[in-house]
Amino acid sequence: MSTCLFCKIIKGEIPSSKIYEDDDIFVFNDINPAAPVHFLIIPKLHIATLTDVEDVNRDLLGNMLLLTPRLAEAQGCTNGFRTIVNTGHVGGQEVLHLHMHIIGGDERLPVMIHHG
Ligand code: AMP
Ligand code: ZN
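Residues numbered from 1 in each chain as written. Chains lettered and ligands numbered in written order. Predicted model: local features only at pLDDT ≥ 70, side-chain atom pairs only at ≥ 80, totals over all residues. Heavy atoms only, no water.

Caption draft 1: Focus on the overall build of the protein chain. Counting its regular elements, the protein chain contains three helices and five strands. Along the chain direction, N to C, the helices and strands of the protein chain fall in the order α-β-β-β-α-β-α-β. The principal-axis extent of the C-alpha atoms belonging to the protein chain is close to 40 × 35 × 25 Å. For the protein chain, with 116 residues in total, the buried portion stands at 34%. Long-range pairs, those at least 24 residues apart, make up 53% of the contacts in the protein chain between residues at least 6 apart in sequence. Split by element, the accessible area of the protein chain, about 7,500 Å² in all, is 53% carbon and sulfur. Each charge class in the protein chain was averaged separately, 8 positive and 14 negative side chains, and the resulting centres sit 2 Å apart. (Helix = DSSP H or I, 4+ residues; strand = E, 2+ residues; numbered from the N terminus. Buried < 20%, exposed > 50% of the residue type's maximum accessible area, 1.4 Å probe, protein only. Contact = heavy atoms within 4.5 Å. Areas by Shrake-Rupley, 256 points an atom, 1.4 Å probe, with all protein chains shown as cover. Lys, Arg positive; Asp, Glu negative; His and termini not counted. Charge placed at Lys NZ, Arg CZ, Asp CG, Glu CD.)

This is the structure:
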């Protein structure tokens, strides 16, 4: 999609701090990190949100998840990390190109899910 920020990053039209790339997946550091390690795993295919994923994307999604621990460890997450996929308005998704946030560092992350 020509107007999509992340499609432009994949094409190199907007600079990014790239961590990994293969035929189907692009990975780069978040420009406004929430923790010492904060990178984004995105499909090269423009899929707007998790809601738009279809059966045909099964391998792509599986490969994105399989990459996650390998890249997280390589970025210094030796004792765990958090994976977030914000979806749509309620999820607070700001960039409408599917992305997985991987967040971590040395410190335990703040509790995100409050019960009751
Ligand atoms: P979300 O709120 O889940 O849509 O997250 C979008 C993320 O994209 C935010 O964490 C932003 O900091 C990040 N972001 C926005 N523009 C860029 C950019 N040019 N390069 C890297 N990350 C970006
Ligand atoms: Zn896109």
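Next comes the rest of the description.
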